[in-house]
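In case you want the letters, here they are:
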Amino acid sequence: MKPTSTPWRHFTTALAFTAMTGIAAAAELNPAAVAYKLPDQIPWGPVNATGAQNAVVVGDPSKPGFYMVYNKWTKGNHFSRPHFHPNDRYIVVLQGTWWVGTGPKFDPANTTPMPAGSFVTHFAKQVHWDGAKDEDTILLIMGEGPATSTAAEEK
């Protein structure tokens with residue numbers, strides 16, 4: 001049964017117009033209440049030697065305190081090597097598939113896929129490694145700084 005009230009018809013007409021034209025009114029936000037950056041305003045750093053790229057969005061991961069960082073692993077079997085962190089880290093996979101391994105033996109064939117929407121905790125002082133295989137992967141990493149990393153690869 002379809003609603004036939006006048007407000008519903010006006011709403012559906014406006015929704016259809018917006019969908020067809022792509023035009024939507026943007027409200028002015030009070031900068032004292034909300035701060036934001038659109039995707040093209042995120043300050044991504046350069047891609048490093050391991051194929052990763054970072055953008056700090058909250059805090060400073062090199063200092064004590066809460067931080068949030070976007071991390072992009074570029075496709076092409078780019079992985080970190082086995083390592084650990086002094087503090088817990090909380091990760092949300094935003095895009096792509098992130099491949100995660102644990103322990104000191106580096107073996108990209110022995111990883112577990114984490115698809116977009118996954119939530120992962122890296123516990124403090126526990127050895128892990130991770131990266132991307134055949135697609136770019138974007139993560140949101142949160143934790144308490146300093147976000148240092150200690151190598152732990154079995155040679």
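Please refer to the structure higher up on the page.
Just so you know, these numbers come straight off a predicted model, no measurement behind them.

Draft legend 1. Region of interest: the pairing of strand β2 (residues 65-73). In this sheet, β2 lies alongside strand β1 (residues 52-58) in antiparallel orientation, the contact comprising six bridges. Bridge assignment links asparagine 54 to a residue of β2, and that residue is asparagine 71. Between the end of β1 and the start of β2, which pair antiparallel, lie six residues, with glycine 59 showing a positive phi angle near 75°. Of the strand pairs in this sheet, β2 and strand β10 (residues 137-145) are connected by nine bridges, and their pairing is antiparallel. Counted as the bridge partner of lysine 72 is isoleucine 138 from β10.

Draft legend 2. Here's a closer look at the sheet that holds strand β5 (residues 89-95). With respect to topology, five strands assemble into an open sheet ordered β1-β2-β10-β5-β8, the strand pairing being antiparallel. A single partner strand is all that each edge strand has here, and the edge strands are β1 and β8 (119-122). Adjacent strand axes in the sheet meet at a mean angle of 25°, parallel and antiparallel pairs treated alike.

Draft legend 3. Inspection of the environment of glutamine 126 at higher detail. Secondary-structure assignment places glutamine 126 in the loop between β8 and β9 (128-132). In sequence terms glutamine 126 and threonine 102 are 24 residues apart; their C-alpha atoms lie 8.2 Å from each other. In this view, glutamine 126 contacts His83 and Phe84; residues no more than four positions away in its chain are not counted.

Draft legend 4. Up close: the nonpolar core. If you look at the biggest cluster of nonpolar residues, it comprises 13 residues, and the most contacted ones within it are Trp73, Ile91, Trp98, Met114 and Leu139. In terms of residue count, the dominant contributor to this core is β2 (three residues). Ignoring sequence-local partners within four residues, the contact set of tryptophan 98 consists of Trp73, Ile91, Val93, Thr112, Pro113, Met114, Val120, His122, Asp130, Gly131, Thr137 and Leu139.

Draft legend 5. Focus on the side chain of asparagine 71. Locating asparagine 71 in the fold gives a position in strand β2. Of the residues examined, asparagine 71 reaches a relative accessible area of 7% and is grouped as buried.

Criteria and thresholds
- Residues numbered from 1 in each chain as written.
- Predicted model: local features only at pLDDT ≥ 70, side-chain atom pairs only at ≥ 80, totals over all residues.
- Heavy atoms only, no water.
- Pairing = 2+ DSSP bridges.
- Helix = DSSP H or I, 4+ residues; strand = E, 2+ residues; numbered from the N terminus.
- Axes fitted to C-alpha atoms, helices over the stretch in contact; angles between N-to-C directions.
- Contact = heavy atoms within 4.5 Å.
- Core = buried A, V, L, I, M, F, W, Y, C linked by side-chain atoms within 4.5 Å.
- Buried < 20%, exposed > 50% of the residue type's maximum accessible area, 1.4 Å probe, protein only.

Geometric values such as these leave the question of function open.
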